[in-house]
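# Topology and contacts: notes
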Number of protein chains: 2
Amino acid sequence: MTAEGQRPARPKQLRFVLASASPARLHLLRQVGIQPDRVVSGVDETSDGSAAEVAAGLARCKALAVAEHTGGDALVLGCDSVLEHDGRVLGKPASAAQAVDRWHELRGTTGRLHTGHCLVSVARGQVAQVLERADATVVRFGTPTDDEIAAYVATGEPLQVAGGFTIDGLGGAFVDAVEGSHSNVIGLSLPVLRRLLAELGLSVCDWW
Amino acid sequence: MTAEGQRPARPKQLRFVLASASPARLHLLRQVGIQPDRVVSGVDETSDGSAAEVAAGLARCKALAVAEHTGGDALVLGCDSVLEHDGRVLGKPASAAQAVDRWHELRGTTGRLHTGHCLVSVARGQVAQVLERADATVVRFGTPTDDEIAAYVATGEPLQVAGGFTIDGLGGAFVDAVEGSHSNVIGLSLPVLRRLLAELGLSVCDWW
């Protein structure tokens, strides 16, 4: 055994920083064996543009804001998710009343959940590479009754999430189907992460 | 306040029994606010027929085997999942070597994950109603490298699950997309559960 500080650097020891406060994104990374540090960027989440532009732009802002203050060698991942529905770009509902109204509009319809991903490679405290990829997943909403919508909004869950719904929480029974990456809907597409890591010569398995 | 025994029976107090040892199914029920008891049926999981027939038949066997020994009032849910791929019906891999071979066949291809659901209503210890519904979700497998397949199988995860893959575990980065209910792939379609409960005049919200 050599002393801790003398071990050769291995890919699996690369620090992974999640530039997001989202418990769902943290859970997804842990699901695939990555235990990230979390640093919240404080980036203002208001933005204009198409759903894909908003998600990509905010993901980049979050990742770069955190990467600038990350020393040593690390990967910093920023993500942002918005729902595109009926020509509108929807973030988190502003109030319980708005969440109820939104669900009355969503039920029985289809939307597209866009998540922007920005992976920044930091080497010796400097931004070395910035990789970006956005993904969109079609979401087919179910038909919860008025009572179910009221009960769901009363749990508070819809107010915490882009589009006012989850597929990985209480809302899971109210979404009939998705078409695309389901983890993209939760907030971080795991197949996109795999591809971004591959561009850096890395694999999720390096963290196992 | 009336004494505990005098409270009127409310839907939310109905006992929910999961007739499955699957941690993933337990997690899905808890995700939508249902804390089930678990009773494992001991049903022999070998069966012939199409993927949909196998999944539906085993789900029914599991649910009825447990319902027969369930006293009082309860709902008993049995589920079974199999992967249909290239004309074959695939359950859990029999060995690590088979899991590796299977992943070499799966990568870059598409399969259909079938889950059978059987919800049995037990009233005063007797089977009152048997509701069944099967669902199939298209699964588009990613393209893990040989090294990633070897590392994945070495974790043991593929040996525990139908088809030898997960979307809610380490395998999540190796599945590019699904088309349909993603919880159906995990082992229990939450929108199907919602519909089966609705046929009994119930809602997942009754357990909140």
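One numbering rule holds for all chains: residues counted from 1, following each sequence as written. To label them, take the chains in the order written and letter them from A, then take the ligands in the order written and number them from 1. Local features in this predicted model are restricted to residues whose pLDDT is 70 or higher, and side-chain atom pairs enter the listing and the counts only when it is 80 or higher, whereas totals over whole chains, interfaces and linings include all residues. Excluded from the side-chain calculations are hydrogens and water; all other atoms, namely the structure's heavy atoms, are used.

### Describing the interface of chain B and chain A
Here a residue-residue contact requires only that any non-hydrogen atoms of the pair lie within 4.5 Å. Every contact between the two is made by 33 residues of chain B and, on the other side, 33 residues of chain A. For the chain B and chain A pair, buried surface summed over both sides reaches about 2,600 Å², with 58% attributable to carbon and sulfur atoms. Salt bridges are defined by distance alone: a side-chain nitrogen of Lys or Arg within 4 Å of a carboxyl oxygen of Asp or Glu. For the pair chain B and chain A, the interface holds 4 salt bridges. Here Asp-176 of chain A ties to Arg-195 of chain B by a salt bridge, and the two come within 2.9 Å at their closest N and O atoms. Under the rule applied, a polar contact is a pair of N or O atoms within 3.5 Å (in protein, one hydrogen donor and one hydrogen acceptor; residues adjacent in sequence only if both atoms are side-chain atoms). Counting the contacts that link chain B with chain A gives 16 residue pairs in polar contact (both at pLDDT 80 or more). Only DSSP runs of H or I reaching four residues or more are called helices, and only runs of E reaching two or more are called strands; each is numbered from the N terminus. Broken down by secondary-structure element, the contributors of at least two residues to the side of chain B that touches chain A are helix 4 (146-154), strand 7 (175-180) and helix 6 (190-199) of chain B. Put simply, buried area is the surface a 1.4 Å probe can reach on two separate parts but cannot reach once they are joined, added for both.

### Details of the packing of aromatic side chains
Stacked, tilted and edge-to-face are the three classes assigned to paired rings of Phe, Tyr and Trp, where Trp is represented by its six-membered ring and a pair needs centres within 6.5 Å; plane angles under 30 degrees give stacked, over 60 edge-to-face, the rest tilted. According to the stated counting rule, one finds 16 aromatic pairs over all chains in the structure shown. Seen from their ring centres, Trp-103 of chain A and Phe-174 of chain A are 6.2 Å apart, and the 75° between their planes marks the pair as edge-to-face. Residue Trp-103 of chain A is located in helix 3 (residues 96-106), and its partner Phe-174 of chain A is located in the loop between helix 4 (146-154) and strand 7 (175-180); the two are separated by 71 residues in the primary sequence. Here Trp-103 of chain A and Phe-174 of chain A have matching classes, each one buried. Measuring from centroid to centroid gives 6.4 Å for Trp-208 of chain A and Tyr-152 of chain B, while their planes differ by 50°, and the two rings are tilted. On the criterion of chain membership, the pair formed by Trp-208 of chain A in the segment after helix 6 (190-199) and Tyr-152 of chain B in helix 4 is interchain, its members lying in two chains. These aromatic residues form a ring-pair network of at least three members: Trp-103, Phe-141, Tyr-152, Phe-165 and Phe-174 of chain A together with Trp-208 of chain B. Throughout this description, buried means an accessible area under 20% of the type-specific maximum (1.4 Å probe, protein chains only), exposed means over 50%, and partly exposed covers the range between.

### Concerning the pattern of salt bridges
By the definition in use, this model includes 16 salt bridges over all chains. Residues Glu-105 of chain A and Arg-88 of chain A are paired through a salt bridge, measuring 2.5 Å at the closest nitrogen-oxygen approach. With Glu-105 of chain A in helix 3 and Arg-88 of chain A in strand 4 (residues 88-90), the pair connects residues that are 17 residues apart, well separated along the chain. For Arg-88 of chain A, a relative accessible area of 39% translates into the label partly exposed. Lys-62 of chain B is paired through a salt bridge with Asp-80 of chain B; the nearest N and O atoms lie 3.0 Å apart. Of this pair, Lys-62 of chain B sits in helix 2 (residues 51-67) while Asp-80 of chain B sits in strand 3 (residues 74-85); the two residues are 18 residues apart in sequence, bridging distant segments of the chain. Residue Lys-62 of chain B is classed as buried on the basis of its relative accessible area of 5%. Residue classification places Asp-80 of chain B among the buried residues on the basis of a relative accessible area of 3%.

Just geometry here; none of it tells us what the structure is for.
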